[in-house]
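Read off the chains here:
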Amino acid sequence: MIYLDNSATTKPDPAVLKSFERVSSQYFANPSSIHQLGGETEKLLKQAKKQAASILKVSPDEIVFTSGGTEGNNTAIKGIALEHQERGKHIITSEIEHPSVHDACQSLESLGFDITYLPVNQAGVITVEDVENAIKHDTILISLMHVNNELGSIQPIKEIGEIAKRHPKLFFHVDDVQGIGKVPLPLRDSGIDLCTFSAHKIHGLKGTGILYVGNRTKLFPLLHGGSQEQGIRSGTENLAGAVAMVKALRFIKEREKKEVHRLYELSDYLKSELQQLTSVEVNTADHAAPHIINFSVVGAKPEVIIHMLGEENIFISTKSACSSKQKDESKVLTACGFDKARSTSALRVSLSYQTTRDDITVFLQAIEKAINQFKEVME
Amino acid sequence: MQYDHILIRYGEMALKGKNMNKFISRLQENIQHKLKEFAHIKVKRTQGRMFVLLHGHDPEQVIDKCKNVFGIQSLSLAIKVENDVDAIKDGALYALTNSVDVHQFKVTVKRVNKDFPIGSQEMNQVLGGHLLSNTDGYAVDVHQPDMEINVEIRSEATYITSQVIPGLGGLPVGTSGKSLLMLSGGIDSPVAGYLAMKRGVQIEAIHFHSPPFTSERAKQKVIDLAETLTKYGNSIKIHVVPFTKLQQEIFREMPDGYAMTIMRRIMMRISEKISESESILSITTGENLGQVASQTMESMHTINEVTNYPILRPLITMDKQEIIKIAQEIDTYDTSILPYEDCCTIFVPKSPKTRPTREKVNQFESNKDFTNLIEEAVNQAEVVKVSDQRESASVFDDLL
């Protein structure tokens, strides 16, 4: 099997699974219980938080364990909106956000919030000037993704963070679900107030994630209850999930350090080989994250190509797992200004540190064969 | 080119005359110890300064560690170049262009090595001119610069530094002997320990544990607090004294209003005995005048009667708010406010005497001999050692 859909989800690391299993069976007590067993699990929870904080170079009380990317994004956006609506009701985001950001913003529109959706250029990147010009006196939040899930485009988060620093009344939220472990993003002193991470994109388990909430950031919680996670995310902690997430985070950071160059080499190889194929247009720009390559096979239905590759035990995806109004049209590609022929025939290959050059070579042969077959049938 | 050194300045210690060397050696050792995890890193001394040779390690992480070492007045990232005009020019340019939010700068040259052919004043102008003609958007402002580029021409090399990061000051831990810190788990005692350490004191801790009235978590809290304090020193030995029997005995046998005072006197006797066996010459407490019943002038007078060991009370004149502020800065506050019962909160008399007298207490104590119980508690004390080095870490390591 050649699995190239790592931006949808990754295969859990066996060591991470093992941690999950051991914690589930040995440290099952409720960390809030006052008996000794509870004390032990609480200690483990704290240790996990401390380790996550040290990996992300933030402080332990800035780590909130969540159920994943969607919860992190919703908690951040709605939390800021509800807490600070007296201050203003304007929110800035972009046209190419993940549905958990886009739809959260849209839901706030129906409550009277005013949302600016910034456009992107053909490379899928917003401009810093647009962000700056969009800021109004009543702007309370800027919410942007670091790395786009369909294209791999990287937003100029550092520069926007500098702008955010100059506007102490607004908060800056970054969705780093696709970027973590691939494209570095410092959190401390960066102007970023909130940042979302998800475990299952880094060989952790589904249903777990982290939301970084800077010390000075106050949020209205989505979930009220026992005041777990600094009151930001009540509910008995998913200790095994949290521990497993932190382990996955540690692993991905180690691999990033050692192997990110190899990943860039792989994606360069893949891009340049794809460009040689007839009817293939590479949509991902040159300066992009190393693990996401988007391309169109103009004239072919992407679903058909996916099934043809599936026959060969090779798994890639169209755009992303999310849906849009028109069945095959990618909202992200449309926003980038690609024509309909291209935005309805897009495919996405997403790599992980487990991907080898052989995988890519086999994939390239298979896609060439698939395109030729498709053409024969259609002509 | 890159920042390859950290320059360390020490203030007060330079005034120590003949003993100065002892202080500086200790500082060097303490820094070296803090940086143990970074392979090949070296701490070097030259006249009046210390340098950390980074050998490619992330300077930010190293500075973070050094920031917690007492005895350091300030730190700066430094580039080391040869005593050569062009090399110095390149270094200064690197320092300027690698800084953020700088528009106006100033160059200050200090020529320690008088063999260097160009004088300080002239060198100032040479470098200023070089920086201006090789960059855009910068201006020189000698009165209110955003950044001062310091160039120190020494005999062995020239060091170029830009930013001065304040250190904690104080004296290197270990230069003022050892003290036994009475660590309860509250807000005050860790702060007292920190302030003692700041004056060069190495601490051991004593904690009174009363299971089952106080929980494992209360004990863990104290261990965690001590571990936080190790950030500012190295390892800390905690003597956990089983106190249940004594506490029950005191509250059963002694009059309610005096039980608290007598309990404190017994804690003091035990602390003195532990100090004696560990060759510790003083006891440190978080006492603070007027805060609670046991901390009135009369209480302290009565409690202090049982020992002639010096008692360090770094917080004695502070307001609660001042103490809380330090606790937050040194990262002990959040642990301290965890709500577990400790030995000082479980048996609280309805109305403790705020003006006890030595005569009365001696009279009550003469009715009951605590000697054996004290002996037993001292003998059964458990020693827990916490360290600032990660390898001591936990059973959870393979899970995470």
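Starting afresh in each chain, residues are numbered from 1 along the sequence in its written order. For this description, chains carry letters from A and ligands carry numbers from 1, given in the order in which they are written. In view of the model being predicted, local features appear only for residues whose pLDDT reaches at least 70, and side-chain atom pairs are presented and counted only at 80 or more, with totals across whole chains, interfaces and linings using the full set of residues. The side-chain numbers reported here are obtained from all heavy atoms of the structure, hydrogens and water having been left aside.

Trainee: Give me the lowdown on the overall build of chain A, citing residues and values where you can.
Mentor: Helix and strand definitions follow DSSP, with helices as H or I runs of at least four residues and strands as E runs of at least two, each counted in order from the N terminus. Per the secondary structure count, chain A includes 11 helices and 12 strands. Its C-alpha atoms give chain A a radius of gyration of 21 Å, near enough to 21 Å, the size a compact globule of 379 residues would have. Considered along the principal axes of its C-alpha atoms, chain A spans approximately 70 × 50 × 35 Å. Intrachain contacts of chain A at a sequence separation of at least 6 include 72% that bridge at least 24 residues. Of the roughly 16,300 Å² of accessible surface on chain A, 52% is carried by carbon and sulfur atoms. Placing the 42 positive and 47 negative side-chain charges of chain A at their respective mean positions leaves the two points 6 Å apart. For the radius of gyration, the atoms used are the C-alpha atoms, and the globule rule reads 2.2 Å times the number of residues raised to 0.38. Here, residues are in contact when the closest pair of their heavy atoms is within 4.5 Å. To measure how exposed things are, a 1.4 Å probe is used in the Shrake-Rupley method; for residues, cover is taken only from the protein chains shown. Residues scored as positive are Lys and Arg, those scored as negative are Asp and Glu, and His as well as the terminal groups of each chain are ignored. To locate a charge, take atom NZ for lysine, CZ for arginine, CG for aspartate or CD for glutamate.

Trainee: Any chance you could break down the packing of aromatic side chains for me, citing the residues and the numbers?
Mentor: Side-chain rings of Phe, Tyr and Trp (the six-membered ring for Trp) are treated as a pair once their centres are within 6.5 Å; stacked means planes under 30 degrees apart, edge-to-face means over 60, and tilted covers the remaining angles. Enumeration over the complete set of coordinates arrives at 10 aromatic pairs over all chains. On the basis of an interplanar angle of 75° and a centroid distance of 5.5 Å, the ring pair of Tyr27(A) and Phe396(B) is categorised as edge-to-face. Placement of the pair is Tyr27(A) in the loop between α1 (14–26) and α2 (36–56) and Phe396(B) in the segment after β15 (382–386), with the two residues belonging to separate chains. The buried label goes to any residue with under 20% of its type's maximum accessible area, the exposed label to any with over 50%, and the partly exposed label to all in between, with areas taken from a 1.4 Å probe on protein chains only. The exposure class assigned to Phe396(B) is buried, which follows from its relative accessible area of 2%. With a centroid separation of 6.5 Å and 65° between ring planes, the pair formed by Phe295(A) and Phe363(A) is classed as edge-to-face. Remark: Phe363(A) occurs in helix α11 (residues 357–378) and Phe295(A) occurs in strand β10 (residues 292–297); sequence separation between them is 68 residues. Taking relative accessible area as the criterion, Phe295(A) reaches 0% and is therefore assigned buried. An aromatic cluster is defined as three or more aromatic residues linked by ring pairs; in this entry it consists of Phe70(B), Tyr194(B) and Tyr232(B). Working rule: Lys NZ or Arg CZ, within 6 Å of ring centre, within 35 degrees of ring normal, means a charge sits over the ring. Its end group placed over the ring of Phe113(A), Lys89(A) keeps NZ or CZ at 5.1 Å from the ring centre. Seen from the ring of Tyr269(A), Arg357(A) lies directly overhead, with NZ or CZ sitting 3.8 Å from the centre.

Trainee: If you had to explain the pairing of strand β7 (residues 147–153) of chain B to someone new, which residues and values would you point to?
Mentor: All names here are of chain B. Counting buried residues in β7 gives five out of seven residues, a clear majority hidden from the surface. At least two bridges found by DSSP between two strands is the condition for calling them paired. Alignment of strand β5 (residues 104–111) against β7, held across seven bridges, turns out to be parallel. Its bridge partner being in β7, Val109 is matched across the sheet by Val151. The pairing of β7 with strand β8 (residues 158–161) spans four bridges and is classified as antiparallel. Across the sheet, Asn150 pairs through a bridge with Thr161, a residue of β8. Counted between consecutive antiparallel strands, the loop separating β7 from β8 contains four residues.

Fair warning: the whole summary comes from geometry, so function is off the table for now.
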